[in-house]
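Inside the fold
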Amino acid sequence: MRKEVVVVVVGVLVVVVVVLVVVVIVVVVVVVIVVVVVVVVVVVVVVVVVVEVHRVKEERNILHAIKRKKATWIGHILSRNCLLRHVII
């Protein structure tokens, strides 16, 4: 009778150990999936920020070019009409 109890207890312990190992494996897989998702989200956010910074820089360059052309054009018109001398003096 004692051998049968020991065999049953050992069988139950083996099942418990196997279940615990499976649970640990599942937890590790879930953690890896979460880490991968977080990394992907961070990469996407970084790409979006870089693209936005580049767009803003281009927009500033365009505005600077417009201001420069406008100043050149106003200076050309004023000097052509001899008004620049009057404005400076």
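Located above this text is the structure these notes cover.
Residues numbered from 1 in each chain as written. Predicted model: local features only at pLDDT ≥ 70, side-chain atom pairs only at ≥ 80, totals over all residues. Heavy atoms only, no water.

Now for the overall build of the protein. Helix and strand content of the protein: 2 helices and 0 strands. Looking at the protein as a whole, 0% of its 89 residues qualify as buried. Per element, the accessible surface of the protein, about 8,300 Å² overall, is 79% carbon and sulfur. (Helix = DSSP H or I, 4+ residues; strand = E, 2+ residues; numbered from the N terminus. Buried < 20%, exposed > 50% of the residue type's maximum accessible area, 1.4 Å probe, protein only. Areas by Shrake-Rupley, 256 points an atom, 1.4 Å probe, with all protein chains shown as cover.)

In a structure, side chains of opposite charge can pair up when their charged atoms sit close to one another. What the rule picks out here adds up to 2 salt bridges. Salt-bridge contacts for Arg 55 lead to Glu 52; the nearest nitrogen and oxygen are separated by 2.5 Å. Of this pair, Arg 55 and Glu 52 are both found in helix 1 (residues 2–80), 3 residues apart, which corresponds to roughly one turn of the helix. Of the charged contacts in the structure, one is a salt bridge between Arg 55 and Glu 59, with a shortest N-O distance of 2.9 Å. Placement of the pair is Arg 55 and Glu 59 together in helix 1, with a separation of 4 residues, close to one helical turn. For Arg 55, a relative accessible area of 40% gives the class partly exposed. Through salt bridges with shared partners, a single ionic network connects Glu 52, Arg 55 and Glu 59. (Salt bridge = Lys/Arg side-chain N within 4 Å of Asp/Glu carboxyl O.)

Coordinates in, geometry out; function isn't part of it.
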